[in-house]
Amino acid sequence: MRIALVMAGGGGSRLWPASTPERPKQFMALRDDRRQSLLAAAVDRAAAVAGADCTFLVTTHGLAAAVRAAAPQLAPEQVIEEPCPRSTAPCVALSLVHIVERLRARGWSERQIDETALMVLPSDHHIGDEGRFADLLARACDCAAETRDVVVLGVTPTRPETGYGYIERDGLPRSSPGDTACAALNLYSAVRFVEKPNLARAREFLASGRFLWNAGVCITPIGRLLAEYQRHAPALWQAFAPVVAALREGEAELARTRTAAAYAAIQPASIDVAILEQLADLRVAASDVAWTDLGSWAAIREALPRDGDGFAVHAENGAAVHVVDGRDGLVWTDGADVAIVGLDGVAVISSGGRILVCPLERAQEVRAAAEASARHAARPRDKPGEV
């Protein structure tokens, strides 16, 4: 058995204006011909490995209705709600609490729960070869269940990317007997996590051959992850003890109240920092699977088909796009017609009545535009007739 947890609570400000706090990037669809959101694709990906009944989603209360609508194959109790964002360590801890209690209610034994592999997956990434990625996840689950290791996925970099986090691996792959589940993986000991580097460091990482892009996927037996939370984040774990008690009593409303109280008291922390970086035996499975976290409009362009001049176009609702004498750019429109004349390497985004125009080489700076737009929207407006 395998369990999947898909995290679907991100804000996605780097893809403004198509991604907003009310409708973040996991609800975006890359393909005009298939109108499937990134979130729906992530749920299908997880269910292909774990089964729909063993796939869970976690999101914030404000996005829960939209998340349920995007994943109708999941029962309502398979969608776990956070009161507000607190980064990934609290998110996964709360999810563990709910998943364990849900499995107990289904009649799972404590041993079954302890030994079953859990894969924690993002909801807003793009995978170029779904079948190959699903096979990688399945093999990593089997390896983790067999060894009780914590395994993270790393993608072999193809360029000096400054928008991704990295994982440094040691020099030699971990050897496994040929008849074990781990033998099918390129498994290394993980040395350290490195957050988004500058261009010079990213070039060094690429040249060294020892650094992988951090795909944001963690796989380990449920019991191992529970133990690591209790060991490395005891205060965080203890904050959810009242929630556990309420769930065991069947008091759903009390559990929600206690969850809100816990979230008011805990500090945001990523699971990478709170748990994974603390492990002396962390493993990383290296792969060259086609993957991107879609963290910028430049990454969106790379994931979309491009014409002979290198232009990628995503047009919804019958919008017309005309590019005259332009190269290596991107147009994304949710309905407005767009024309570009004589511009290279530019992103033109029209969504929700907002327009963004920027060089693709500065796509990582879009968050600043999103924040400025939010401040403008929040400022007091003059009433009609006032000066």
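Coordinates for the structure precede this section.
Being a predicted model, the structure only gives us computed values, none of them experimental.

The next thing to look at is helix 9 (residues 241-248). Turning to helix 9, its buried residues are Val-243, Val-244 and Ala-246. Take helix 9 and look down its axis: the buried residues cluster within an arc of 165°, on one side only. Contact partners of the buried residues in helix 9: helix 3 (88-105) and helix 10 (252-265). Positive phi appears at Gly-250, one or two residues downstream of helix 9, with a value of about 75°.

Bringing the packing of helix 9 against helix 10 into the picture now. Between helix 9 and helix 10, the shortest axis-to-axis distance is 8 Å and the interhelical angle comes to 175°. Viewed along their axes, helix 9 and helix 10 adopt a mutual orientation that is roughly antiparallel. Across the interface between the two elements, Pro-242, Val-243, Ala-245, Ala-246 and Leu-247 from helix 9 touch Leu-254, Ala-255, Arg-258 and Thr-259 from helix 10. A per-class count over the contact of helix 9 with helix 10 returns 7 nonpolar, 1 polar and 1 charged.

Side-chain pairing between opposite charges can occur once the charged atoms of the two side chains come close. Evaluation of the coordinates by the stated rule reveals 23 salt bridges. In this structure, Glu-228 and Arg-224 form a salt bridge, with 2.6 Å as the shortest nitrogen-oxygen distance. A residue pair is termed a helical-turn pair when its members lie 3 or 4 positions apart in one helix, as Glu-228 and Arg-224 do in helix 7 (residues 222-232) at 4 residues. Judged by its relative accessible area of 12%, Arg-224 falls in the buried class.

Further remarks concern unusual backbone geometry. Residue Pro-17 is bonded to the preceding Trp-16 through a cis peptide linkage, with omega at 5°. Within the element layout of this structure, Pro-17 appears in the loop between strand 1 (2-7) and helix 1 (38-50). Backbone geometry at Asp-328 places phi at a positive 55°, although glycine is not the residue there. Mapped onto the elements of the fold, Asp-328 is located in the loop between strand 13 (321-324) and strand 14 (330-333). By relative accessible area, which is 40% here, Asp-328 ends up partly exposed.

Calculation notes
Counting restarts for each chain, with residues numbered from 1 along the sequence as it is written. Reporting of local features is limited, given that this is a predicted model, to residues whose pLDDT is at least 70; pairs of side-chain atoms are given and counted only at 80 or more, and all residues count toward the totals for whole chains, interfaces and linings. Heavy atoms throughout the structure, all of them, feed into the side-chain values; hydrogens and water do not. Any residue under 20% of the maximum accessible area for its type is buried, any over 50% is exposed, and the rest in between are partly exposed; the area is computed with a 1.4 Å probe on protein chains only. By the criteria applied, helices consist of DSSP H or I runs no shorter than four residues and strands consist of E runs no shorter than two, each listed in order from the N terminus. Here the arc refers to the directions that run from the helix axis out to each C-beta atom. Contacts were defined at the residue level, with two residues in contact if any of their heavy atoms lie within 4.5 Å. Here, axes are lines fitted to C-alpha atoms. For helices the fit covers the stretch in contact, and angles between N-to-C directions go from 0 to 180 degrees. The scheme is simple: roughly parallel for angles under 35 degrees, roughly antiparallel for over 145, roughly perpendicular for 65 to 115, oblique for anything else. Throughout this entry, Asp, Glu, Lys and Arg are counted as charged residues, while Ala, Val, Leu, Ile, Met, Phe, Trp, Tyr, Cys and Pro are counted as nonpolar. The remaining residues, Gly among them, count as polar. Note on definitions: salt bridges are taken to be side-chain nitrogens of Lys or Arg within 4 Å of carboxyl oxygens of Asp or Glu.

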